Amino acid sequence: MVSSELRELYQELILDHSKKPRNFRALADANHTAEGFNPLCGDKLKLYLKVEGDVIQDIGFEGSGCAISKASTSMMTASVKGKSVSEAERLFHEFHHMLSGNDAAKMDLSKLGKLTVFAGVSEFPVRVKCATLAWHTLKAGLESDGKVVSTEE
Ligand code: ZN
């Protein structure tokens, strides 16, 4: 069970990232891009990636949306920057798994670090798409270029 103090800390972290998103900029030298759209909430983002070899050297995003989507995108970019593509894909799987809820309690979430602040979102199914949009867009950007992903497809 999450204590109320911890819950407050989580909310502060989400607020901080939504007000001051990290890596909130277009990358002039991006070699992968992808766009994400969540029509249920109106969240939109464009992701820029600079991948060299197997490493995400740089990442940036632009867009608009609710606090959850902004904070999630900000924290996603901060957690995959400098990581290998396969490590980023592992994080995507764990994050997605955490938010799909079913067996989150049995999961080892230690790899997710601060990203576990979004675990509480799984209680609000409508918000899950706001939190996972960034990760689906990242996956699309790593797999192919210039793709537009929608949570409603
Ligand atoms: Zn949203």
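Our structure's up above, just so we're on the same page.
Residues numbered from 1 in each chain as written. Predicted model: local features only at pLDDT ≥ 70, side-chain atom pairs only at ≥ 80, totals over all residues. Heavy atoms only, no water.

1. Structural notes on unusual backbone geometry
At Asn23, a residue that is not glycine, the phi angle is positive and equals roughly 60°. Position of Asn23 among the secondary structure elements: in the loop between helix H1 (4-19) and strand E1 (32-38). (Helix = DSSP H or I, 4+ residues; strand = E, 2+ residues; numbered from the N terminus.)

2. Remarks on helix H2 (residues 67-80)
A rise of 1.5 Å per residue sets the reference length of H2, with its 14 residues, at 20 Å; its end C-alpha atoms lie 20 Å apart and thus fit the reference within 8%. The buried fraction of H2 is high, at 11 of 14 residues. Among the residues of H2, Ile68, Ser69, Ala71, Ser72, Thr73, Ser74, Met75, Met76, Thr77, Ser79 and Val80 are the ones counted as buried. Tucked into the core, H2 has its buried residues touching H1, strand E2 (43-52), strand E3 (55-64), helix H3 (85-100) and helix H4 (125-143). Within two residues after H2, Gly82 carries a phi angle of roughly 85°, on the positive side. (Expected span 1.5 Å × (residues − 1). Buried < 20%, exposed > 50% of the residue type's maximum accessible area, 1.4 Å probe, protein only. Contact = heavy atoms within 4.5 Å.)

3. Re the side chain of Thr77
One can find Thr77 in helix H2. Residue class for Thr77 comes out buried when judged on its relative accessible area of 0%.

4. Describing empty space enclosed by the protein
Using the criterion set out here, one finds one cavity of 30 Å³ or more in the structure. In this structure, the largest cavity spans a volume of roughly 50 Å³. Around the largest cavity, the lining residues are Asp43, Lys44, Leu45, Phe61, Gly63, Ser64, Gly65, Ser69, Lys70, Thr73 and Leu133. For the lining of the largest cavity, a count of residues per class yields three nonpolar, five polar and three charged. (1 Å grid on protein atoms, 1.4 Å probe; cavity = no way out; pocket = protein on both sides within 12 Å on 5 of 7 lines; lining within 4 Å. Points joined across faces, edges and corners; volume = space filled by probe spheres on them. Nonpolar A, V, L, I, M, F, W, Y, C, P; charged D, E, K, R; others polar.)

5. Observations concerning the coordination of the zinc ion
For the zinc ion, every protein donor is listed as Cys41 (SG), Asp43 (OD), Asp43 (OD), Cys66 (SG) and Cys130 (SG), and the spread of their distances is 2.2 to 2.6 Å. Sequence spacing of the donor residues for the zinc ion, all on one chain, is C-x1-D-x22-C-x63-C. Residue Cys41 is located in the loop between E1 and E2, and its partner Cys130 is located in helix H4; the two are separated by 89 residues in the primary sequence. Judged by relative accessible area, which is 33%, Cys41 ranks as partly exposed. The exposure class assigned to Cys130 is buried, which follows from its relative accessible area of 0%. (Donors = N, O, S within 2.8 Å, 3.2 Å for Na, K, Ca; no water.)

6. Some remarks on the packing of H1 against H2
Close contact between H1 and H2 brings their axes to 8 Å; oriented N to C, the two are set at 85°. The orientation of H1 with respect to H2, classified from their angle, is roughly perpendicular. Each of Leu13, Ile14, His17 and Ser18 in H1 lies in contact with H2, whose residues at this interface are Ala67, Lys70, Ala71, Ser74 and Met75. Residues that form the contact of H1 with H2 fall into these classes: five nonpolar, three polar and one charged. (Axes fitted to C-alpha atoms, helices over the stretch in contact; angles between N-to-C directions. Parallel < 35°, antiparallel > 145°, perpendicular 65-115°, else oblique.)

7. Focus on H4
The terminal C-alpha atoms of H4, which comprises 19 residues, lie 26 Å apart, in line with the 27 Å expected from a rise of 1.5 Å per residue. Within H4, the axis deviates most sharply at Thr132, by approximately 40°. For H4, every residue scored as buried is listed here: Val128, Cys130, Ala131, Thr132, Leu133, Ala134, Trp135, Thr137, Leu138, Ala140, Gly141 and Leu142. (Bend = angle between axes of the 7 residues up to and from the residue.)

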